[in-house]
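# Report on the structure
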Amino acid sequence: NGCPDKHDHHYNLTRSCLELKEKYHFTKDGVHLFITSNGELYQAFCDMTTDGGGWTLIASVHENNILGKCTTGDRWSSQQGGNASSPAGDRSWSNFATFGCTEGATSDDLKNPGYYDIKASDISIWHVPNDTPLSSWKDAAILRYHTKTNFLQQYGGNLYQLFHQYPVEYNKGKCPDDNGPLSHITYDFGSDEKIQQLYGPLSHNEFEPGYVQFRVFNNEKAALAMCSGVKYNGCNSEHVCIGGGGYFPEASPRQCGDFTAFDWNGVGTHQSWSASKEVTEAAVLIFYR
Ligand code: G3P
Ligand code: CA
Ligand code: CA
Ligand code: CA
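Below you will find a few notes about this structure. (Residues numbered from 1 in each chain as written. Chains lettered and ligands numbered in written order. Predicted model: local features only at pLDDT ≥ 70, side-chain atom pairs only at ≥ 80, totals over all residues. Heavy atoms only, no water.)

### What to know about the site of ligand 1
Ligand 1 sits among Asn236, Glu238, His239, Glu250, Trp264 and Trp273. Note that an oxygen atom of ligand 1 is positioned 2.5 Å from one of the side-chain N or O atoms of histidine 239. Contacts to ligand 1 include glutamate 250, whose side-chain N or O atom sits 2.6 Å from an oxygen atom. Relative to its unbound accessible area of 310 Å², ligand 1 is 58% covered by the protein chains. (Near = heavy atom within 4 Å. Polar contact = N/O pair within 3.5 Å; in protein donor to acceptor, adjacent residues only side chain to side chain. Areas by Shrake-Rupley, 256 points an atom, 1.4 Å probe, with all protein chains shown as cover.)

See the structure below:
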């Protein structure tokens, strides 16, 4: 049909799916090749349909072993064990380390150079059941939502910059005074009620669905990186928010991990503070636009 696709290299490589859409009019979801400002090449998945498209998948947060407390695979918190001597853990939220593969985004953590290279305004989040193949991500997602507030522009245009302003580090602040930025979200699939259902009954009093929030602290001054789908008002955010630093004092190391203390009252039990099996076994895919 004359439209360029990934087998047609008669176009200059771009830095994001948004640029690919705007300059070359790509309209289908799929994996494409990108180039950073420094010339590094990488592939990323583009969502070219949600709210006009132009969304680049730059990261996924996946919990490979909820009973492994800051062990191998807990890249968005710490792989060094819960320990006050590594208060910022692996520092993945604020460094240039990259890991994982696009097609593996629901089977392991992903962080590509777009995380720090793309200048974006908004984010989109998909909660996709673990091990879902790429072609089914959109249909299999239990929740999909995005911001449309341009909030990222105020924090340097991406999460790498935002987390430099709001370090994900134990004992750098306290709950709730020092909690970080948030944005309202618009649902593409799901609802406030669906978010309520995914987390434990005791968590419900502590958050308000319909937002995404960054860098919150809990009662013990542990830092959590992202509350996807909620604004956290209370101080037991470790059962809902994901990623974080390298030290979670309460019952240490029981709350240390990529999905922190989702399993506080049993894995996937949905009792007391425990999250549902559904959300505990779903990767969180993060897109920029
Ligand atoms: O985050 C929950 C914790 O602070 C209290 O839990 O089990 O002692 O009631 P628990
Ligand atoms: Ca873990
Ligand atoms: Ca992980
Ligand atoms: Ca607590």
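### Thoughts on the state of the cysteines
Enumeration over the complete set of coordinates arrives at 4 disulfides. Paired by a disulfide, cysteine 227 and cysteine 241 hold their sulfur atoms 2.1 Å apart. With the S-S dihedral at roughly 95°, the linkage between cysteine 227 and cysteine 241 falls on the right-handed side. Taken together, the positions of cysteine 227 in strand S10 (residues 223-232) and cysteine 241 in the loop between S10 and strand S11 (242-244) put the pair 14 residues apart, joining distant regions of the chain. Should the bonded cysteines of the protein be numbered as they appear in the sequence, the pairing reads 1-2, 3-8, 4-6, 5-7. Note on cysteine 101: no disulfide assigned, nearest cysteine sulfur contributed by cysteine 46 at a separation of 16 Å. The class for cysteine 101 is exposed, based on a relative accessible area of 55%. (Disulfide = S-S within 2.5 Å. Helix = DSSP H or I, 4+ residues; strand = E, 2+ residues; numbered from the N terminus. Buried < 20%, exposed > 50% of the residue type's maximum accessible area, 1.4 Å probe, protein only.)

### A short note on the coordination of the calcium ion (ligand 3)
On the protein side, the calcium ion (ligand 3) has His62 (O), Gly73 (O), Asp109 (OD), Asp109 (OD) and Asp258 (OD) as donor atoms, found 2.2 to 2.5 Å from it. Between consecutive donor residues of the calcium ion (ligand 3), the sequence gaps follow H-x10-G-x35-D-x148-D. Highlighted residues: aspartate 109 in the loop between strand S3 (55-61) and strand S4 (110-111) and aspartate 258 in the loop between S11 and helix H6 (277-280), separated in sequence by 149 residues. Across the pair, exposure class does not vary: aspartate 109 and aspartate 258 are buried alike. (Donors = N, O, S within 2.8 Å, 3.2 Å for Na, K, Ca; no water.)

### Remarks on the coordination of the calcium ion (ligand 4)
The protein atoms donating to the calcium ion (ligand 4) are Asn236 (OD1), Glu238 (OE) and Glu250 (OE), with metal-donor distances spanning 2.2 to 2.4 Å. Motif for the calcium ion (ligand 4), donor spacing along one chain: N-x1-E-x11-E. Taken together, the residues span a long stretch of sequence, with glutamate 238 in the loop between S10 and S11 and glutamate 250 in the loop between S11 and H6 at a distance of 12 residues. A residue is classified by how much of its surface remains accessible, and glutamate 238, at 0% relative accessible area, is buried. When its relative accessible area of 25% is taken as the criterion, glutamate 250 is described as partly exposed.

Purely spatial values, then, with no claim about function.
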